[in-house]
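Secondary and tertiary structure notes
Spelled out from the first residue to the last, the chains are:
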Amino acid sequence: MNDIILPKGVRKEAKVALIGPATRIRPEIVDGLVRLYDEQGYDMPGSQLLVYPSALDVNACGSYAASLPQRVADFIDAWSREDVDLVLCARGGYGCVHMLDYLTTDFIASHPKWLVGFSDVSVLHSLLFKSGIASIHGGMAKQLVENTDSGLGVYRNTLKSLVESSRPQSFYELLSHPFNIPGEGRGILIGGNLAVLNGLGGTPYDLLAESLVRDVIIFIEDVSEPIYAVERMLYRLYLQGVLHSAKGILIGDFTDWKPDKNYDKMYTMIHERFLQWGISCPVVFDFPVGHGVKNVPLVEGACYSLRSYQDKVILRLEQ
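One structure accompanies this document, and this report is about it. (Residues numbered from 1 in each chain as written. Predicted model: local features only at pLDDT ≥ 70, side-chain atom pairs only at ≥ 80, totals over all residues. Heavy atoms only, no water.)

Our next topic: the layout of surface pockets. Here the second largest pocket is characterised by a volume of approximately 260 Å³. Lining the second largest pocket are 15 residues, with Lys8, Val84, Asp85, Pro112 and Lys113 positioned closest to its centre. Of all the secondary-structure elements, those providing two or more residues to the lining of the second largest pocket are helix H2 (68–80) and strand S3 (84–89). When its residues are assigned to classes, the lining of the second largest pocket shows 6 nonpolar, 3 polar and 6 charged. (1 Å grid on protein atoms, 1.4 Å probe; cavity = no way out; pocket = protein on both sides within 12 Å on 5 of 7 lines; lining within 4 Å. Points joined across faces, edges and corners; volume = space filled by probe spheres on them. Helix = DSSP H or I, 4+ residues; strand = E, 2+ residues; numbered from the N terminus. Nonpolar A, V, L, I, M, F, W, Y, C, P; charged D, E, K, R; others polar.)

In structure tokens:
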């Protein structure tokens, strides 16, 4: 069922490349990440941080982290280097889609390594999936620097356990949500930012359409989208057959939305639509992935099992 390659574990002597593929990032975030690596070394994924020009604010181009040629050049160089085992995106925002014309699936497949990011980086996750390479949907430079106390430690340790092992382990258990649909499912985990993935609909990088040809568990999240806009995007997935063919659906964080005249809560709208459409696979609401306080790392392209019970939910990475 799974023909996706999981990259080899990150070597302790390897470098982590920090790139800016989309929106510019505040210099204090990059400075903070550099300090973390200087101070904590082996406690971070990889042992050295290699900061590319696109991650430095002095190279910003309008709202973008750098010019398109610079962003593409940084990605290609980082992905090609034998001493780089992990490419960490500085932040999302908007701009990753610009690079698709310059990155081929053959090039991606010839240098399998871990990519970490979320939000607009969902574009790059889609590219890697099409290239047959698994990737990590997870927090970027800002999350590594600004999450404090146990939040930073838990995220960093979980990320390390995924990328530094040749057989990564991942197990999440949480309390059930009243809107959950019970059941069990097993499939390749795919997903990300709903608006970004919706923008790839009908293209060769239409990640969510994979549910039409293989067993998948889908996860979605978003930020600052009106309730009606999310409903519109879900209708496309419903009409396309994506939702009914999925083996499980994780509804992550939907943040910074406002109530409207039809619904006072985002989850209420999603719940009502799923009941109306007769979605029968296990569905889990309030899964900790996305732009909220918690954003657990997930391996895109790996096989997971999902169990939604009356009192709890279990998501497990299968070997």
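Read across the sheet, 6 strands follow the order S2-S1-S3-S4-S5-S11 without closing on themselves; strand pairing throughout is mixed. Strand pairing shows two members of the sheet lacking a second neighbour, strand S2 (48–51) and strand S11 (298–300), which therefore form its edges. The mean inter-strand angle of the sheet, taken between neighbouring strand axes irrespective of direction, is 25°. Here 5 bridges tie strand S1 (residues 15–19) to S3, and the two strands are oriented parallel to one another. If you follow Val16 over to S3, its bridge partner there is Leu86. Contacts between helix H1 (residues 27–40) and the sheet are confined to S1, S2 and S3, with S2 contributing the most and set at about 155° to the helix. On top of the sheet, H2 reaches S1, S3 and strand S4 (114–117); it is set at about 170° to S1, its chief contact. (Pairing = 2+ DSSP bridges. Axes fitted to C-alpha atoms, helices over the stretch in contact; angles between N-to-C directions. Contact = heavy atoms within 4.5 Å.)

Attention now moves to helix H8 (residues 227–240). Taking 1.5 Å per residue, 14 residues should reach 20 Å; H8 reaches 20 Å between its end C-alpha atoms and fits that length. Looking at the packing, one finds that the buried side of H8 touches helix H7 (194–199), strand S8 (216–223), helix H9 (242–245), strand S9 (248–255) and helix H10 (266–277). (Expected span 1.5 Å × (residues − 1).)

With that settled, consider the pairing of strand S6 (residues 171–175). Of the two faces of S6, the one lined by Tyr172 and Leu174 is fully buried and the one lined by Phe171, Glu173 and Leu175 carries no buried residue. The sheet contact formed by S6 and strand S13 (residues 312–317) spans 5 bridges and is antiparallel. Along S13, the bridge assignment pairs Glu173 with Ile314. (Buried < 20%, exposed > 50% of the residue type's maximum accessible area, 1.4 Å probe, protein only.)

The final tally for this structure, using the stated rule, is 0 disulfides. We note that Cys61 lacks a disulfide partner, and the nearest cysteine sulfur, in Cys96, lies 15 Å from it. The structure places no disulfide on Cys303, whose sulfur is separated from the nearest cysteine sulfur, that of Cys281, by 15 Å. Of the residues examined, Cys303 reaches a relative accessible area of 6% and is grouped as buried. (Disulfide = S-S within 2.5 Å.)

So, on to the side chain of Ser131. In this fold, Ser131 is placed in the loop between helix H4 (122–130) and strand S5 (135–137). We classify Ser131 as buried; its relative accessible area is 11%. Among all residues touching Ser131, those that are not within four sequence positions of it are Thr105, Ile108 and Ala109.

Scope: geometric values only; no functional claims are made or implied.
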